[in-house]
Amino acid sequence: TKTGSITIRNRTGRDTVVVEVEDTGIGVADDKLAKIWDAFESVDELADSKYASTGLGLSLVKSLVEAHGGSCWVSSRFGVANSGTIFSFSLPRFQARASSSPALQC
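Description of the structure in this document.

Rules used in this analysis
Residues numbered from 1 in each chain as written. Predicted model: local features only at pLDDT ≥ 70, side-chain atom pairs only at ≥ 80, totals over all residues. Heavy atoms only, no water. Helix = DSSP H or I, 4+ residues; strand = E, 2+ residues; numbered from the N terminus. Buried < 20%, exposed > 50% of the residue type's maximum accessible area, 1.4 Å probe, protein only. Contact = heavy atoms within 4.5 Å. Areas by Shrake-Rupley, 256 points an atom, 1.4 Å probe, with all protein chains shown as cover. Salt bridge = Lys/Arg side-chain N within 4 Å of Asp/Glu carboxyl O.

**With respect to the overall build of the protein**
Part 1 of the reasoning: A count of helical and extended segments in the protein gives 2 helices and 4 strands.
Part 2 of the reasoning: Secondary structure elements in the protein, listed N-terminal to C-terminal, are β-β-α-α-β-β.
Part 3 of the reasoning: The buried share among the 106 residues of the protein stands at 22%.
Part 4 of the reasoning: Pairs at least 24 apart in sequence give 48% of the contacts found in the protein among residues at least 6 apart.
Part 5 of the reasoning: Per element, the accessible surface of the protein, about 8,200 Å² overall, is 56% carbon and sulfur.

Structure, rendered in structure tokens:
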């Protein structure tokens with residue numbers, strides 16, 4: 001849209017990192033939330049909307065996050081001005097181990 005905003009936040013816990021992406025849009029209706037991660041699902045009621053999508057983005061995000069041992073969830077307040085939607089995912093923290101092998105020289 002021409003107005004509104006997106007806020008990205010992260011929290012780091014002992015074992016996980018959580019990322020939240022929040023918008024100030026119109027939100028997503030409760031009956032659409034369960035299907036929002038399905039491929040080719042679009043919550044846009046207006047098929048001819050200039051903001052319409054293919055419905056692949058969130059499905060791809062979920063697949064990638066789960067492939068790395070994480071999870072995704074969403075919360076929304078449909079129809080409440082400037083409340084929007086919060087898309088969240090968590091990933092396990094990677095603990096780098098010290099290597100005993102010498103670094104490659106290029």
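Now that the structure has been shown, the text picks up again.
**A look at the pattern of salt bridges**
Part 1 of the reasoning: Taken as a whole, this structure holds 4 salt bridges when the rule is applied.
Part 2 of the reasoning: Glutamate 20 serves as the salt-bridge partner of arginine 9, at 3.1 Å between the closest nitrogen and oxygen. Linking arginine 9 in strand 1 (residues 6-12) with glutamate 20 in strand 2 (residues 16-23), this pair joins segments that are 11 residues apart in sequence.
Part 3 of the reasoning: Residue arginine 9 is classed as partly exposed on the basis of its relative accessible area of 32%.
Part 4 of the reasoning: We note a salt bridge from arginine 11 to glutamate 20, for which the minimum N-O separation is 3.0 Å.

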